[in-house]
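Spelled out, the chains give:
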Amino acid sequence: MSWLGGHWGPVLVAAVTATVVAGAGGAVTTIGPWYRGLRKPSWQPPTWLFGPVWTLIFALIAGAGVIGWEAAPSVTSATVLLVLFGINAVFNLAWSVLFFKMRRPDLALIDIAPLWLTILALVVTTAQFAGTAALLLVPYLLWVTFAGYLNLVIVRLNAPFTATAQAE
């Protein structure tokens, strides 16, 4: 559905949105003494790996968005897809704010459920008219599944968390 500036409209929207969401998430992600002091499982990937993985995932999300938007059979379908991507972006960014800015991995863990469900909804929705877009979203779903389990383990190893943790 190319109703915004032909082919380049969806590309521009996807690129800008992915950059803004990734940039905002990165801006609130502080790998400082608080994070380093958390007990983490031995199988957690090295900290340096998260940036490249998220960069790739955001590129895949943007690609899926473009493909899905252009393949949408109607303006209504495209709108539903864009709304789902928007809701997903809110939950994605909220996780970083909750975990790193507020220092509340317990609340971030709660955010994982709607984040994961919005990714699943995106996969199911795009699969109806753009199988390639759905496949591009699968690594995102898998990574958030892994990150959710890692988040759970971090909560179990470090709980309880309190509102005062953000002020430390």
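Because the structure is predicted, anything quoted here is derived from the model rather than measured.

S.K.: Explain helix α4 (residues 75-101) to me, please; I cannot follow it from the model alone.
M.R.: The periodicity of an α-helix, 3.6 residues per turn, causes residues three or four places apart in sequence to face the same way. Here α4 is 27 residues long and its end C-alpha atoms lie 37 Å apart, about the 39 Å a rise of 1.5 Å per residue gives. Positive phi shows up at arginine 103, right after α4, with a value of about 55°.

S.K.: What should I look at first to understand helix α5 (residues 105-127) in this one?
M.R.: In this model, α5 (23 residues) spans 32 Å end to end at C-alpha, consistent with the 33 Å of a helix rising 1.5 Å per residue. Its axis deflected by about 25° at aspartate 111, α5 carries its strongest bend there, up to four residues before the proline proline 114. Residues of α5 that are buried: Pro105, Asp106, Ala108, Asp111, Ile112, Leu115, Thr118, Ile119, Leu122, Val123, Thr125 and Thr126. As for α5, its buried residues are in contact with α2 (33-37), α4 and α6 (131-158).

S.K.: Would you explain the packing of helix α3 (residues 47-71) against α6 in this entry?
M.R.: Think of two packed helices as two axes; the pair is described by the angle between the axes and how far apart they sit. One way to put it is that α3 packs onto α6 with a least axis distance of 8 Å and a crossing angle of 145°. Handedness of the α3/α6 crossing: left-handed. Of the residues in α6, those touching α3 at Phe50, Val53, Trp54, Ile57, Leu60, Ile61, Gly63, Ala64, Ile67 and Gly68 are Thr132, Ala133, Leu136, Leu137, Pro139, Tyr140, Trp143, Val144 and Leu150. Looking at the contact of α3 with α6 residue by residue, the classes come out as 16 nonpolar, three polar and no charged.

S.K.: How do you make sense of unusual backbone geometry when you look at a structure like this?
M.R.: Trans peptide bonds make up most of the peptide bonds, and negative phi angles are found at most residues other than glycine. Put simply, alanine 159 and proline 160 share a cis peptide bond, and its omega is 5°. Inspection of the secondary structure assignment puts proline 160 in the segment after α6. Even without being a glycine, arginine 103 presents a positive backbone phi close to 55°.

Cut-offs applied
Residues numbered from 1 in each chain as written. Predicted model: local features only at pLDDT ≥ 70, side-chain atom pairs only at ≥ 80, totals over all residues. Heavy atoms only, no water. Helix = DSSP H or I, 4+ residues; strand = E, 2+ residues; numbered from the N terminus. Expected span 1.5 Å × (residues − 1). Bend = angle between axes of the 7 residues up to and from the residue. Buried < 20%, exposed > 50% of the residue type's maximum accessible area, 1.4 Å probe, protein only. Contact = heavy atoms within 4.5 Å. Axes fitted to C-alpha atoms, helices over the stretch in contact; angles between N-to-C directions. Left-handed = near helix turned anticlockwise from the far one by under 90°. Nonpolar A, V, L, I, M, F, W, Y, C, P; charged D, E, K, R; others polar.

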